[in-house]
Amino acid sequence: MKKFDAKSLARPNIRSLRAYEAKEMPCRVKLDANESPFGFKVRQSVIKRISTNRYPDPEARALRGALAKQLEVKPPNILVGNGSDEIIYYLITTFGGPVLFPVPTFSMYGIIGKALGESIIGLPLDGSFDLDLPLMLGALKTARPKLTFLSSPNNPTGNCFSSDRMLKVIESSSALVVVDEAYQPFSSDKGFLPMLKDYKNLLILRTLSKVGLAGLRTGYLIGDEAIINEVNKVRLPFNLNSYSQAIAVSAIEDRKAMRSAIKAVVSERERLFEALEGIKAATPYPSEANFILFKVKNSRRVYNKLLKQGVLLRDMSGAVDGCLRVTVGTKAENNFFLKALKEVAR
Ligand SMILES: *Cc1c(COP(=O)(O)O)cnc(C)c1O
């Protein structure tokens, strides 16, 4: 066998990529990944019904049925994925680029776009982290993106984009607009599901990851049946395993537990925000999600010092100058974080 170099064997667009870093760091309080601090109790009876020797239902009928009922749409309007990340992959595979999104936003739109060799266009948000409409409309006209991703509430800024600006983008696009509502359950905005009937080019992306079920890897796409059918052509046959399907159904049906966990996170978010406002060195940005972005003096140093005390946050200074992102935890976790922050941020 001749000598070879794996990296130079990879396609040029892959060579320049870096693998997504989700750091597994030892810490006491994990507030870096926008997970829920509340897990879902899985009943034994749910697990017992699963046959490990059989493939899962390739159509995920029970899960799509449960979602359709909850969202008041029809199962053919829903495509499920191994996390919404997988659905982003499928969307870009199906429709290609250019892929347009505002920045800073969720990094996977750009990473997956590049991995698939598509051109990506990231346009800066305005000074209030809202869509810069003239910029967006200009790009829609000149670049004619096949896909536009709008994360609202936006990760990592936490705000919702103003809905009139989002609607202008949807109306001005000659192709598809995906509103990524990963954090919609924590928002006072009702989201864009009600708009689906008026805009055939609109797709809504949601996930169970931020509401207590990140371990299941379950995301879903809602939209016009004709669009869902196209995306379904590239979906791998058994993309959602039997455990994820079964547990997701039982979690969705237990609406009371899900709602009360979300309510607890929202109320802690408000308390955490006020407490951050009271810390001189920190400036939090209002959030409609389950995390808060805040500016802090010497952010890099504060990040490292917090880590030493056992508190893991997400350093966002690459995306928003001098900013860290903290996920809302339990009351005790938030207090632990606040106490540590008061000590290290001066
Ligand atoms: C976390 C996140 C996702 C990914 O969700 P998964 O379903 O876990 O893949 C998608 N979009 C945004 C904006 C996110 O923050």
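Residues numbered from 1 in each chain as written. Predicted model: local features only at pLDDT ≥ 70, side-chain atom pairs only at ≥ 80, totals over all residues. Heavy atoms only, no water.

Colleague: Honestly, the packing of aromatic side chains in this entry has me stumped. Any pointers?
Modeller: Where two aromatic rings form a pair, the distance of their centres and the angle of their planes describe that pair. Summed over all chains, the structure comprises seven aromatic pairs. Look at Y109 and F149: their rings are 4.5 Å apart centre to centre, the planes differ by 10°, and that puts the pair in the stacked class. Taken as a pair, Y109 in helix 6 (residues 108-115) and F149 in strand 5 (residues 147-151) lie far apart in primary sequence, 40 residues in all. A ring pair is formed by Y183 and F291, whose centres lie 5.0 Å apart and whose planes are at 80°; its orientation type is edge-to-face. You can see Y183 sitting in the loop between strand 6 (176-180) and strand 7 (202-207) and its partner F291 sitting in strand 10 (residues 291-296), a full 108 residues away along the chain. Owing to a relative accessible area of 2%, Y183 belongs among the buried residues under this scheme. Each residue in the set F101, F106, Y109 and F149 is aromatic and connected to the rest through ring pairs, giving one cluster. In this structure, R325 packs its charged tip against the face of F291, placed 5.6 Å from the ring centre. (Phe/Tyr/Trp six-rings, centres within 6.5 Å; stacked < 30°, edge-to-face > 60°. Helix = DSSP H or I, 4+ residues; strand = E, 2+ residues; numbered from the N terminus. Buried < 20%, exposed > 50% of the residue type's maximum accessible area, 1.4 Å probe, protein only. Lys NZ or Arg CZ within 6 Å of the ring centre and 35° of its normal.)

Colleague: Sorry, what's going on with the pairing of strand 6 here?
Modeller: Moving residue by residue along a regular strand, the side chains alternate between the two faces of the sheet. Within strand 6, five of the five residues are buried, which leaves the element mostly enclosed by the surrounding structure. On strand 6, burial covers both faces: L176, V178 and D180 on one face and V177 and V179 on the other are all buried. Strand direction decides the pairing type here: strand 5 and strand 6, joined by five bridges, are parallel. Bridge assignment links L147 to a residue of strand 6, and that residue is L176. Note on the crossover from strand 5 through helix 8 (residues 163-172) to strand 6: the handedness is right-handed. Taken together, the four bridges between strand 6 and strand 7 define a ladder with parallel strand orientation. Within the sheet, the bridge partner assigned to V179 lies in strand 7 and is I204. (Pairing = 2+ DSSP bridges. Right-handed = clockwise from strand over helix to strand, strands pointing away.)

Colleague: Sorry, what's going on with the side chain of S244 here?
Modeller: Relative to the elements of secondary structure, S244 occurs in helix 10 (residues 242-253). At 2.6 Å, the side chain of S244 forms a polar contact with the backbone oxygen of L216. Once residues within four sequence positions are removed from consideration, S244 is found in contact with L216 and T218. (Polar contact = N/O pair within 3.5 Å; in protein donor to acceptor, adjacent residues only side chain to side chain. Contact = heavy atoms within 4.5 Å.)

Colleague: Could you clarify how one ought to interpret the environment of Y243 in this entry?
Modeller: Mapped onto the fold, Y243 is located in helix 10. Residue classification places Y243 among the partly exposed positions, given a relative accessible area of 34%. A sequence separation of 116 residues divides Y243 from G127, and the C-alpha atoms of the two residues are 44 Å apart.

Colleague: Mind showing me how you'd approach the sheet that holds strand 13 (residues 323-327) here?
Modeller: Sheet strands associate in pairs through backbone hydrogen bonding, adopting either a parallel or an antiparallel arrangement. Strand order across the open sheet formed by four strands is 9-10-13-12, with antiparallel pairing between neighbours. With one partner strand each, in any of the chains shown, strand 9 (282-284) and strand 12 (314-315) form the two edges of the open sheet. In this structure, strand 12 lies alongside strand 13, joined through two bridges in antiparallel fashion. Looking across to strand 13, one finds that D315 is bridged to L324. Helix 11 (residues 255-277) contacts strand 9, strand 10 and strand 13 of the sheet and is inclined by roughly 5° relative to strand 10. (Axes fitted to C-alpha atoms, helices over the stretch in contact; angles between N-to-C directions.)

Colleague: Even after reading the chapter, I still don't get the site of the ligand, so can you show me in this structure?
Modeller: Among the 14 residues in the neighbourhood of the ligand, the closest are listed as Y183, T207, S209, K210 and R217. In the environment of the ligand, an oxygen atom lies 2.6 Å from a nitrogen or oxygen atom belonging to the backbone of S84. Here the ligand, which alone exposes 390 Å², has 93% of that area covered by the protein. (Near = heavy atom within 4 Å. Areas by Shrake-Rupley, 256 points an atom, 1.4 Å probe, with all protein chains shown as cover.)

Colleague: Sorry if this is basic, but what is going on with the nonpolar core here?
Modeller: Across soluble globular proteins, nonpolar side chains have a tendency to be buried as a group. Counting 83 residues, the largest nonpolar core has L276, F294, L313 and F337 as its most contacted members. Of the residues forming this core, the biggest block, six residues, is contributed by helix 11. Inspection of this core shows a minimum of three residues originating in each of domain 1 (6-38 + 256-344) and domain 2 (44-253). Here F294 is in contact with L276, A282, T283, P284, Y285, L313, G322, C323, L324, V326, F337 and L341, once residues within four sequence places are set aside. Residues I88, Y90, Y109 and L205 belong to the second largest nonpolar core, which totals 22 residues. (Core = buried A, V, L, I, M, F, W, Y, C linked by side-chain atoms within 4.5 Å. Domains from an automatic or database assignment.)

Colleague: Can you walk me through the packing of helix 5 (residues 84-95) against helix 6 in this structure?
Modeller: Helices that pack against each other are described as a pair by the angle of their axes relative to one another and the distance between those axes. Closest axis-to-axis distance for the helix 5/helix 6 pair is 10 Å, and the angle between their directions is 45°. Comparing the axis directions of helix 5 and helix 6 gives the class oblique. Crossing handedness for the pair helix 5 and helix 6: right-handed. Along the contact surface, helix 5 presents D85, I88, Y89 and I92, while helix 6 presents M108, Y109, I112 and G113. When the residues that make up the contact of helix 5 with helix 6 are grouped by side-chain class, the tally is six nonpolar, one polar and one charged. (Parallel < 35°, antiparallel > 145°, perpendicular 65-115°, else oblique. Left-handed = near helix turned anticlockwise from the far one by under 90°. Nonpolar A, V, L, I, M, F, W, Y, C, P; charged D, E, K, R; others polar.)

Colleague: Could you clarify how one ought to interpret the domain arrangement of the chain in this entry?
Modeller: Where interface size is given, it is often the accessible area lost as the parts come together that is meant. What the domain assignment lists for the chain is domain 1 (6-38 + 256-344) and domain 2 (44-253). One C-alpha centre belongs to domain 1, the other to domain 2; they are set 23 Å apart. Taken together, the contact between domain 1 and domain 2 spans 25 residues of the former and 30 residues of the latter. Together domain 1 and domain 2 conceal approximately 2,000 Å² of surface at their shared face, both sides included; 67% is due to carbon and sulfur atoms. Scanning the region where domain 1 abuts domain 2 turns up zero salt bridges. Here domain 1 and domain 2 share eight residue pairs in polar contact (both at pLDDT 80 or more) between them. Counting only elements with at least two residues in the side of domain 1 that touches domain 2, the list comes to helix 2 (12-15), helix 11 and strand 10. Per-element tally for the side of domain 1 that touches domain 2: the top contributor is helix 11, with five residues. Taken together, the residues of the side of domain 1 that touches domain 2 sort by class into 16 nonpolar, five polar and four charged. (Buried area = accessible area lost by both parts, 1.4 Å probe. Salt bridge = Lys/Arg side-chain N within 4 Å of Asp/Glu carboxyl O.)

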